[in-house]
Amino acid sequence: MSKVYLTGAGPGDTELLTMKAHRVITQADVIIYDRLANPKILEMTKSGCEFVYVGKEDGRHTLPQDEINEVIYQNALKHNIVVRLKGGDPFVFGRGGEEGVYLQERGIVFEIIPGITSAVSVPAYAGIPVTHRGVAVSFRVVTGHESPNKEVSQIPWENFKTDDTIVFLMGLHNLEKISSKLQEIGKPKDYPCAVISRGTTKEQSVAIGTLENIVQRAKGLLTPALIIVGHVVELREQLQWFEKN
Ligand code: SAH
């Protein structure tokens with residue numbers, strides 16, 4: 001009986017893979033993966049394991065999602081242990097839900113293996129806690145893929161006036177628009193902001209600034225990258241650790 005494992009690969013550092021993810025990766029007959037997964041993970045597979053690349057970058061799909069769904073389904077008809085590997089957590093902007101629904105509708109048995117999401121772990125490796133007593137009592141994880149200038153926005157920008165931490169994923173190409181939009185809704189221009197590129201890997205690079213100067217400071221940073229906005233960013237001064245090791 002074949003089974004599909006919709007598996008989170010974590011943010012990049014292979015040691016942030018869960019034990020469960022590691023187990024199914026070592027047992028897999030086929031791995032269907034995208035760009036975000038650290039390629040070293042593919043070296044953990046047994047001999048004879050097949051690989052299918054369906055990569056996507058910043059929300060731009062190499063393969064449209066419905067084709068990816070079909071690729072997973074077709075592999076489930078051929079193989080026993082199918083691992084669909086995704087960066088971070090499969091249900092945090094990972095479209096794992098859509099893949100699960102597609103399989104459920106076709107009678108394919110699946111399991112979800114949550115992963116460590118970049119939304120929390122990448123700031124942690126930059127020494128930025130997403131919540132902190134007296135600084136931020138909640139955090140939001142928002143898509144940065146949608147342009148803030150879009151006429152009918154799905155993003156409730158007006159709700160972002162509070163001091164809660166905001167993490168934007170897939171937003172590097174919209175950084176300028178996002179920082180202007182946040183100032184437009186009333187955040188001061190010296191409000192703390194950071195961009196973290198390739199977090200948890202040896203290429204990790206961090207730009208610290210304000211809504212006013214972050215575009216300048218983040219110049220040249222590569223994807224994948226996330227944007228974090230809030231006073232928690234100031235804690236990096238004391239909590240920075242990764243670059244010191
Ligand atoms: N499911 C993933 C997110 C998919 S959206 C998760 O839970 O992490 C892809 C976005 O995640 C990227 O555009 C970027 O904003 C962020 N991201 C993923 N890995 C990252 C990394 N190592 N460093 C910085 N940002 C990362």
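S.K.: Residues and numbers for the pattern of salt bridges, please.
M.R.: Where side chains of opposite charge bring their charged atoms close, a pairing between them can arise. Counted under the stated rule, the structure contains 12 salt bridges. Its salt-bridge partner being Arg84, residue Asp34 comes within 3.2 Å of it at the nearest N-O pair. With a gap of 50 residues between them, Asp34 in the loop between β2 (30-33) and β3 (50-53) and Arg84 in strand β6 (residues 81-86) connect regions that are remote in the sequence. Taking relative accessible area as the criterion, Asp34 reaches 5% and is therefore assigned buried. On the basis of relative accessibility, which here comes to 0%, the residue Arg84 falls in the buried class. Glu98 is the salt-bridge partner of Arg95, the closest N and O atoms lying 2.8 Å from each other. Residue Arg95 is classed as partly exposed on the basis of its relative accessible area, which comes to 31%. On the basis of relative accessible area, Glu98 is assigned to the partly exposed category, the value being 37%. Salt bridges here are not isolated pairs; linked through shared partners, they connect Asp34, Arg84, Lys86 and Glu99.

S.K.: Run through a negative patch on the surface, naming residues and quoting values.
M.R.: On the surface, Asp190, Glu212, Glu234 and Glu237 cluster together into a patch of negative charge. Mapped onto the fold, Glu234 is located in the loop between β12 (225-229) and α7 (236-239). Since its relative accessible area comes to 48%, Glu234 is described here as partly exposed.

S.K.: Mind laying out the sheet that holds strand β10 (residues 192-197), listing which residues take part and the relevant values?
M.R.: Read across the open sheet, the 5 strands follow the order β8-β9-β12-β10-β11; overall the sheet is mixed. Whereas interior strands pair on both sides, the edge strands pair on one side only; in this sheet they are β8 (139-143) and β11 (205-210). The average angle at which neighbouring strand axes cross in this sheet is 20°, direction not considered. In terms of strand pairing, β10 meets β12 through 5 bridges, oriented antiparallel. When the bridges of β12 are listed, Ile196 appears paired with Leu226. Across the sheet, helix α4 (residues 118-125) is in contact with β8, β9 (165-169), β10 and β12; its angle to β12 comes to roughly 80°.

S.K.: Could you give an account of the packing of aromatic side chains, naming the residues involved and the relevant values?
M.R.: What characterises a pair of aromatic rings is the spacing of the ring centres plus the angle enclosed by the ring planes. With the rule as written, the count across this model stands at 8 aromatic pairs. With 5.0 Å between their ring centres and 50° between their planes, Tyr125 and Phe242 make a pair best called tilted. Remark: Phe242 occurs in the segment after α7 and Tyr125 occurs in helix α4; sequence separation between them is 117 residues. The exposure class of Tyr125 is buried, given its relative accessible area of 12%. Ring geometry for Trp157 versus Phe168: centroids 5.9 Å apart, planes at 20°, classification stacked. Of this pair, Trp157 sits in the loop between β8 and β9 while Phe168 is found in strand β9, placing the two residues 11 residues apart along the sequence. Among the residues examined, Trp157 registers a relative accessible area of 5% and is labelled buried. Taken together, the ring pairs connect Tyr125, Trp241 and Phe242 into an aromatic cluster. Over the ring of Tyr73 we find Arg106; its NZ or CZ atom is 5.8 Å from the centre of that ring. The ring of Tyr102 has Arg106 lying over it, and the distance from NZ or CZ to the ring centre is 3.5 Å.

Rules and cut-offs
- Residues numbered from 1 in each chain as written.
- Predicted model: local features only at pLDDT ≥ 70, side-chain atom pairs only at ≥ 80, totals over all residues.
- Heavy atoms only, no water.
- Salt bridge = Lys/Arg side-chain N within 4 Å of Asp/Glu carboxyl O.
- Helix = DSSP H or I, 4+ residues; strand = E, 2+ residues; numbered from the N terminus.
- Buried < 20%, exposed > 50% of the residue type's maximum accessible area, 1.4 Å probe, protein only.
- Patch = residues over 30% accessible without salt bridge, like charges linked within 9 Å, V, L, I, M, F, W, Y side chains within 5 Å.
- Areas by Shrake-Rupley, 256 points an atom, 1.4 Å probe, with all protein chains shown as cover.
- Lys, Arg positive; Asp, Glu negative; His and termini not counted.
- Charge placed at Lys NZ, Arg CZ, Asp CG, Glu CD.
- Pairing = 2+ DSSP bridges.
- Axes fitted to C-alpha atoms, helices over the stretch in contact; angles between N-to-C directions.
- Contact = heavy atoms within 4.5 Å.
- Phe/Tyr/Trp six-rings, centres within 6.5 Å; stacked < 30°, edge-to-face > 60°.
- Lys NZ or Arg CZ within 6 Å of the ring centre and 35° of its normal.

In short, shape yes, function no, at least from these values alone.
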